[in-house]
Amino acid sequence: MRTDIPPGTLPAREHLRADDPADVPVLDVVIPVYNEEKDLEPCVLRLREHLARTFPYGFRITVADNASTDRTPEIAARLESGLPEVRAWRLEQKGRGRALHTVWSHSDAPVLAYMDVDLSTDLNALLPLVAPLISGHSDLAIGSRLARSSRVVRGPKREFVSRAYNLILRSSLAARFSDAQCGFKAIRRDVAERLLPMVQDTGWFFDTELLVLAERAGLRIHEVPVDWVDDPDSTVHIVRTATEDLKGVWRVGRALATGSLPLDRLARPFGDDPRDRRLTGVPGGLARQLVGFCAVGALSTVLYLLLYSGFRLGVGPQPANAAALLLSAVANTAANRRLTFGVRGRERAVRHQAQGLVVFGIGLALTSGSLAALEAAAGAPSHSTELAVLIAANLAATVLRFLLYRAWVFPERRTHQTNRVERNRVEANRVEANRVETNQAEANQVETNRIEAAQIETSESEKDEMTEGARR
């Protein structure tokens, strides 16, 4: 795997070619092991037989030994010498994450996968796991034991721990994938080249950190429901693993909050996402934003009126207006962020909500001022009169909100994105120019050496002829 990747965007997704060199496998399945002398050989033989029977591309099985102290290294070496598709890799330090990071970083296969040595996951899920990566549809793929159609056999203790951990990930890191710990995952090599240097964990949290960073960068993660049977002889220490995972959650959450991770290196080029394209008949620019904003605004107004009417049963008009406007403003900002202005991902989401609250404050001042003016003019107006005034004030606040959203909260970022793409293009051209210049210099040097050698040979021939003439 290359280590001199320039800090540009990822290449566009492409289907892997079926006519790639035969000596380079399409799939490299890594099996990290530590003191698995009992299960290693049956696992490798079973996996090899399954791949040879069902997988239509070339494959490799890599045994990553995490400093085992039993006969595991001997068995791995014997399998490597006896089976052409098997490779053994020895590490002198423990850690599943370290093993995967090391082997994946040195693999030449375009699709990288791993699975646990106990083969708890049914191998029939392997081809559905890697197929979206081969086709270019997805960037990563994971097996999920918590999907609705998964069929899992395990004890209540592990079931509780697994669901509790994924609940923590959803609540603390806003993760959307369903199962972070299933030992059955795959990744495209071009993604791994840029993603692995950002992953710090070398143990069991490696999987979670990999997935969280990929998801935050907007990469596509494919999930496969699996059939999974718990291994009763598993050596995983649940309490210690859970403690390390919680530390990892805190570390990654802090890094994401401070923006210290260069996730822009994992962005696909502009135009790779179909939502970047302009289609005939589909409104774009201001027209599209107006359509989206009107739809969101209408729903927000209905929500606001329902909330106001509900709150008005227990409190006065001013508190009811403030509470209803606050809740509807939060929902309005979130909906407009995603639907009207097309902001994807969670980057700057907190800032956008804060700016939305400022806009809410302006709207609150406008509607509250309208209510105060109504009370001053009419004394004790009826509920229907209050609603009529609030509708008019809310419509005015809506127009103002759209202008502020478009000019301040969600300004047009296409220029920035275009500049970034242009910078990446210039950087790529510079790298290519340097490469061409280096190749040209090397070619010139070779030609110079050839000419000098020819001159020396000619000079030697002339000397020989002169010497021969003198003898005659």
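Caption draft 1: Examining the overall build of the protein more closely. Secondary structure summary: the protein contains 13 helices and 9 strands in total. Split into buried and exposed, the 472 residues of the protein put 40% on the buried side. Accessible surface for the protein amounts to roughly 25,400 Å². Of this, 58% is attributable to carbon and sulfur atoms.

Caption draft 2: Representation of the environment of tryptophan 228 in the model. Examined against the element boundaries, tryptophan 228 turns out to sit in strand 9 (residues 227-229). The class for tryptophan 228 is buried, based on a relative accessible area of 9%. A sequence separation of 83 residues divides tryptophan 228 from arginine 145, and the C-alpha atoms of the two residues are 6.9 Å apart. Setting aside anything within four residues of it in sequence, one finds tryptophan 228 in contact with Ser120, Thr121, Arg145, Arg151, Val152, Val153 and Arg154.

Caption draft 3: Region of interest: the nonpolar core. The biggest cluster of nonpolar side chains holds 43 residues, and the ones touching the most others in it are Trp104, Leu140, Phe177, Leu195 and Leu213. Looking at this core, the elements with two or more residues in it are helix 3 (96-106), strand 4 (111-115), strand 5 (140-144), helix 5 (156-172), helix 6 (189-195), helix 7 (206-216) and helix 8 (238-258). Ranked by residues supplied to this core, first place goes to helix 7 with 6 residues. Not counting residues within four places of it along the chain, the set of residues in contact with leucine 195 comprises Leu140, Ile187, Leu210, Leu213, Ala214 and Leu266. If you look at the next biggest cluster of nonpolar residues, it comprises 39 residues, including Val33, Phe184, Ala186 and Val224.

Caption draft 4: Fine view of the sheet that holds strand 8 (residues 221-225). With respect to topology, 7 strands assemble into an open sheet ordered 3-2-1-4-7-5-8, the strand pairing being mixed. Looking at which strands have only one partner, the edges of the open sheet turn out to be strand 3 (86-91) and strand 8. Strand-to-strand twist across the sheet, computed as the mean angle between neighbouring axes with direction ignored, equals 20 degrees. Across 5 bridges, the pairing between strand 5 and strand 8 is parallel.

Caption draft 5: Representation of helix 2 (residues 72-82) in the model. Regarding helix 2, the residues found buried are Thr72, Ile75, Ala76 and Leu79. End-on, the buried residues of helix 2 take up no more than an arc of 100 degrees, which puts them together on one face. Where helix 2 is buried, its residues touch strand 1 (27-33), helix 1 (40-54), strand 2 (59-66) and strand 3.

Caption draft 6: Summary view of empty space enclosed by the protein. Enumeration over the complete set of coordinates arrives at 2 cavities of 30 Å³ or more. Of the volumes computed, that of the largest cavity is approximately 70 Å³. Together, Gly297, Ser300, Thr301, Tyr304, Leu325, Ser328, Ala329, Asn332, Asn394, Thr398 and Arg401 line the largest cavity. Elements with a contribution of two residues or more to the lining of the largest cavity: helix 9 (285-312), helix 10 (317-340) and helix 12 (383-409). Tallied by class, the residues present in the lining of the largest cavity amount to 3 nonpolar, 7 polar and 1 charged. Forming the boundary of the second largest cavity are Met115, Asp116, Asp118, Leu119, Ser120, Thr121, Gly183, Phe184 and Trp228. Partitioning the lining of the second largest cavity into residue classes produces 4 nonpolar, 3 polar and 2 charged.

Caption draft 7: Broad picture of the environment of valine 103. Here valine 103 is to be found in helix 3. Take valine 103: its relative accessible area is 0%, and that puts it in the buried class. For the pair valine 103 and valine 29, spaced 74 residues apart in sequence, the C-alpha separation works out to 9.9 Å. Filtering out sequence-adjacent residues up to four positions away, valine 103 remains in contact with Val30, Thr62, Ala64, Arg87 and Trp89.

Caption draft 8: Highlighting the pairing of strand 3. With 6 bridges connecting them, strand 2 and strand 3 associate as parallel partners. Across the sheet, the residue bridging to threonine 62 is arginine 87, located in strand 3. After leaving strand 2, the chain enters helix 2 and then returns to the sheet as strand 3, a path that is right-handed.

Caption draft 9: Structural view of the environment of aspartate 190. Mapped onto the elements of the fold, aspartate 190 is located in helix 6. Of the residues examined, aspartate 190 reaches a relative accessible area of 15% and is grouped as buried. Taking the C-alpha atoms as reference points, aspartate 190 and arginine 13, 177 residues apart in sequence, are found 9.5 Å from one another.

Reading the values: rules and limits
- Residues numbered from 1 in each chain as written.
- Predicted model: local features only at pLDDT ≥ 70, side-chain atom pairs only at ≥ 80, totals over all residues.
- Heavy atoms only, no water.
- Helix = DSSP H or I, 4+ residues; strand = E, 2+ residues; numbered from the N terminus.
- Buried < 20%, exposed > 50% of the residue type's maximum accessible area, 1.4 Å probe, protein only.
- Areas by Shrake-Rupley, 256 points an atom, 1.4 Å probe, with all protein chains shown as cover.
- Contact = heavy atoms within 4.5 Å.
- Core = buried A, V, L, I, M, F, W, Y, C linked by side-chain atoms within 4.5 Å.
- Pairing = 2+ DSSP bridges.
- Axes fitted to C-alpha atoms, helices over the stretch in contact; angles between N-to-C directions.
- Arc of directions from axis to C-beta.
- 1 Å grid on protein atoms, 1.4 Å probe; cavity = no way out; pocket = protein on both sides within 12 Å on 5 of 7 lines; lining within 4 Å.
- Points joined across faces, edges and corners; volume = space filled by probe spheres on them.
- Nonpolar A, V, L, I, M, F, W, Y, C, P; charged D, E, K, R; others polar.
- Right-handed = clockwise from strand over helix to strand, strands pointing away.

So yeah, pure geometry; function would need other evidence.
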